[in-house]
Amino acid sequence: MKNQDQVQASLTSSRKGTYLSLACWTLLILLLGTFSYSQLADFTKTIAISQARSHLQKDITFRSWVASQGGIYVPVNDKTPPNPYLAHILYRDIQRPDGTPLTLLNPAYLTRLVIGEYEKLYGVVGKITSLKPINKQNEADEWEKNALHSFDRGKEEALTFTNINGKPHLRFMLPLITTNNCLSCHRDQGYQLGDIRGGLSVSLPITTIINGQRSTFKKQIFILTTIWTLGIIFILFQGRRFLQRQAENLLVTDELQKNREQLRQSLAERDAITSTVPDIMYMFNAKGYLHWWNKSLERLSDKTADEIPATHILQFFVEEDRDKIATAMKQVLTDGHTIVEGRINTVQGSRHFQLTGVRLILNDKPYIVGVGRDLSEHRETEKKLLQARNDAEAANRAIATFLSNMSHELRTPLNAILGYAQIFTRDDDLSSRHKRGIKTIYESGEHLLMLINDILDLSKVEAGKMKLVPVEFDLPEFFNGVTDAIKLRAAEKHLNFKYEVAENLPQSIIADELRLRQVLFNLLSNAIKFTETGFCSLIVEASEFGQNMIKLTIHVQDSGPGIHPEMREKIFHPFQQSGDPLKFAEGSGLGLAISRRIITLMNGTLTVRSDLGEGSSFSFSIEAPIVKRKEDATSSTLPQQHCVDNEWLHPIPGSAITEKILHSIKGGDIDAVIALIAQTGEIESGKYNEFAKEMALLADDFKLTEMETFLGNIRDKQK
């Protein structure tokens, strides 16, 4: 009964609100109608005044023109008899050569004639008037006298709305100012230049204008009435809908109250069920104090059942996690739910729980209902898995280290094979068949050495031992050296090799020259190997940024068969090739993998764009400090060639050292050569560093013959 009374009271209040809305809407429309009528009346007056002013300005302009001409002569007839007020004018009446009499019309006379004709045609009555008229026809009536006096007080125009012969008219007057032309007739009246001599008035019928105003207002009344009717319908419709919704809301609210009561009754029944659940379950208020909990929380908690309600929820957690739990409580009160992990103090010690919280409104107050699942055993398992993963990674690093060491061990006998193969190729006592065999041994050894070097580089990367060695080097010379070697390979396959370099390329930078050369040779060699016809190209772009920094963007392009979309990422994995493995069997499938990892070490990214049948484009960018720009470099500071016309321009070690190196070269022991070169570079604080650098470049490519020739040339210089 009480709920029905509340519903009825709410509906009554809503109806009153609807009636009030109807009254306000009606009042608003009435105000709009009144305002519209006022604006329309003002607009009608404005139109009438504008028309009257136009009439007078036309008459004043016409009269001013006649005055400027000193009057005009017209034939004498009944309409234009001679003006008796001009009898004193000697030439008032004249004759044309044909004998036709003419009479002079002054401005006032002519203006009255024109006004009379205009009145007959259009019903607009005009009049010239003055306080001191010469012609009695120009005497002013009472309104005209008041208007003329107002002109003397400075008023520029006079008007009034009145009825003439029972019809609405606008009387409008403008002043006539005395000019030089006027003084010829009115000087005797005492007027001076600039005086207000009189006025020119018009009586304009405004019946038509008022009828237009009424017609427009009727249309506006119709529009406002339509708007008012639509508004009334809308208010009644919305009021009805609001009443229906309010009634429904009240019923829903009543139903919710019943549901809440049922929920309270069911909580006791659910306690028996939740007591057997191993997860902890609880409900606490917005202040953080427990309102309900299950038996699992009592079993795990180090507090008694009587202590739990008086304990803040944060006291259940270890001190280090309380800030995190407090933040999660705020989140669930705002967002309605949250998941967080925290450690709870239990009788068994600190244990890790995953906590799920949901906001619940009970009796118009927010509560948080939570479930906690013990993750301690799960975390222990994760720790063991993490340890197992770390052990596996350590094992992988050990394998990589083993491969690195094994590759190094394989290089030692292979160096000897390559060294002796080079020596035997110069032996004139061997037959051509033996030389072909030795050449086959040398080429196979080089291929095996390339594979070992790739494995060695890959193992260094995997073991985390590959380090960049930035040095200063001449950038144009570096690219010229790379392209000179590649041009020969391209020419052998009759390919067009294109080389484009940026004009703003600096003279020298600091970067790992050897690794950058390794990447370029890998990319360019692949481009030539997989391209049968067409071209391959090297494009170098440069852009400066910051303070003395350069960004080099390098593109290696070819017109080869392209790469299948499924292989565009796989080719950067070790032992993967994009082409026919039978056709390109000489590759190891490690070059691109190593090149990408080298560019990654240089803080760049190696990418590929390719379409089947349209070739491929490999690109990467690196950033490096600028040491010299081209405009700063001089011929004296440019790096010298390794060896030009047998002239070496740097210090040379003594014959004892060069003899040892030459002996190791002839014996094919490349490791001994490399060790001796390293020792030479450390003598006397790097005095022979340029010599060691030149020899190291030759040794890295196993060019034993070139090293022997180079040593022979500089030993001749020593002598």
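Residues numbered from 1 in each chain as written. Predicted model: local features only at pLDDT ≥ 70, side-chain atom pairs only at ≥ 80, totals over all residues. Heavy atoms only, no water.

(A) Representation of the overall build of the chain within the structure. A tally of helices and strands in the chain yields 16 helices and 19 strands. Split into buried and exposed, the 719 residues of the chain put 37% on the buried side. In the chain, 63% of the contacts between residues at least 6 apart in sequence involve partners at least 24 apart. Split by element, the accessible area of the chain, about 42300 Å² in all, is 55% carbon and sulfur. (Helix = DSSP H or I, 4+ residues; strand = E, 2+ residues; numbered from the N terminus. Buried < 20%, exposed > 50% of the residue type's maximum accessible area, 1.4 Å probe, protein only. Contact = heavy atoms within 4.5 Å. Areas by Shrake-Rupley, 256 points an atom, 1.4 Å probe, with all protein chains shown as cover.)

(B) Representation of a nonpolar patch on the surface. Taken together, the side chains of Tyr73, Leu90, Tyr91 and Ile94 make up a nonpolar region of the molecular surface, amounting to roughly 440 Å² of accessible area. Relative to the assigned elements, Leu90 resides in the loop between strand S1 (72–75) and strand S2 (93–95). On the accessibility criterion, Leu90 (69% relative accessible area) is exposed. (Patch = residues over 30% accessible without salt bridge, like charges linked within 9 Å, V, L, I, M, F, W, Y side chains within 5 Å. Salt bridge = Lys/Arg side-chain N within 4 Å of Asp/Glu carboxyl O.)

(C) Main features of the packing of aromatic side chains. Counted by the stated rule, this structure contains three aromatic pairs. On the basis of an interplanar angle of 75° and a centroid distance of 4.9 Å, the ring pair of Tyr37 and Phe217 is categorised as edge-to-face. With Tyr37 in helix H1 (residues 2–68) and Phe217 in helix H5 (residues 207–274), this pair connects stretches of sequence that are 180 residues apart. In this structure Phe217 comes out as partly exposed when scored by relative accessible area, which is 21%. Ring plane angle 70° and centroid distance 5.2 Å describe the contact between Phe478 and Phe479, whose orientation is recorded as edge-to-face. Here the aromatic residues Phe473, Phe478 and Phe479 are joined through ring pairs into a cluster of three or more. Here the guanidinium or amino end of Lys498 rests over the ring plane of Phe535, the centre of that ring lying 4.4 Å away. (Phe/Tyr/Trp six-rings, centres within 6.5 Å; stacked < 30°, edge-to-face > 60°. Lys NZ or Arg CZ within 6 Å of the ring centre and 35° of its normal.)

(D) Inspection of the packing of helix H11 (residues 513–529) against helix H12 (residues 591–601) at higher detail. At a closest axis distance of 10 Å, the pairing of H11 and H12 adopts a crossing angle of 145°. Of the two elements, H11 crosses H12, and the hand of that crossing is left-handed. Where H11 approaches H12, its residues Arg515, Gln518, Val519, Asn522, Leu523 and Asn526 are matched on the opposing element by Gly591, Leu592, Ile594, Ser595, Ile598 and Ile599. Residue composition of the contact of H11 with H12, by class: six nonpolar, five polar and one charged. (Axes fitted to C-alpha atoms, helices over the stretch in contact; angles between N-to-C directions. Left-handed = near helix turned anticlockwise from the far one by under 90°. Nonpolar A, V, L, I, M, F, W, Y, C, P; charged D, E, K, R; others polar.)

(E) Representation of the side chain of Ser619 within the structure. By the secondary structure assignment, Ser619 is in strand S19 (residues 616–628). Here His555 takes part through its side chain, which lies 2.7 Å from a polar atom of the side chain of Ser619. If we skip the residues at most four places from it in the chain, Ser619 touches Ile554, His555, Thr605, Leu606 and Thr607. (Polar contact = N/O pair within 3.5 Å; in protein donor to acceptor, adjacent residues only side chain to side chain.)

(F) Spotlight on empty space enclosed by the protein. As enumerated under the stated definition, the model contains two cavities of 30 Å³ or more in all. Its boundaries defined by the atoms lining it, the largest cavity holds a volume of some 200 Å³. Surrounding the largest cavity, 19 residues form its lining, Tyr282, Phe284, Phe317, Ile325 and Leu355 being those nearest its centre. Breaking the lining of the largest cavity down by element, the ones donating at least two residues are strand S8 (280–285), helix H7 (322–335), strand S10 (337–346), strand S11 (349–362) and strand S12 (365–374). Counting residues per element, the lining of the largest cavity draws most heavily on H7, which supplies four residues. Split into classes, the residues belonging to the lining of the largest cavity amount to 15 nonpolar, four polar and no charged. Considered as a void within the structure, the second largest cavity measures approximately 50 Å³ in volume. Forming the boundary of the second largest cavity are His55, Lys58, Asp59, Ile115, Tyr118, Glu119, Val124, Gly126 and Val202. Elements with a minimum of two residues in the lining of the second largest cavity: H1 and helix H2 (107–122). The class makeup of the residues in the lining of the second largest cavity is four nonpolar, two polar and three charged. (1 Å grid on protein atoms, 1.4 Å probe; cavity = no way out; pocket = protein on both sides within 12 Å on 5 of 7 lines; lining within 4 Å. Points joined across faces, edges and corners; volume = space filled by probe spheres on them.)

(G) Looking closely at the nonpolar core. Grouped together as the largest cluster of nonpolar side chains are 46 residues, with contacts concentrated most on Phe479, Leu538, Phe618 and Phe620. Those elements that place two or more of their residues in this core are helix H10 (475–492), strand S15 (508–511), H11, strand S16 (535–545), strand S17 (549–558), H12 and S19. Broken down by element, this core gets its largest block of residues, seven residues, from H11. Among residues more than four places away in sequence, those in contact with Phe618 are Leu523, Ile554, His555, Val556, Ile563, Ile571, Phe572, Leu592, Leu606, Thr607 and Val608. (Core = buried A, V, L, I, M, F, W, Y, C linked by side-chain atoms within 4.5 Å.)

(H) Spatial organisation of the packing of H10 against H11. At a minimum axis distance of 11 Å, the contact between H10 and H11 shows a crossing angle of 25°. What the angle tells us is that H10 and H11 run roughly parallel. Between H10 and H11 lies a crossing of right-handed hand. Contact residues: Phe478, Phe479, Val482, Ala485, Ile486, Arg489 and Ala490 in H10; Glu513, Leu516, Arg517, Leu520, Phe521, Leu524, Ser525 and Ile528 in H11. Classifying every residue of the contact of H10 with H11 gives 11 nonpolar, one polar and three charged. (Parallel < 35°, antiparallel > 145°, perpendicular 65-115°, else oblique.)

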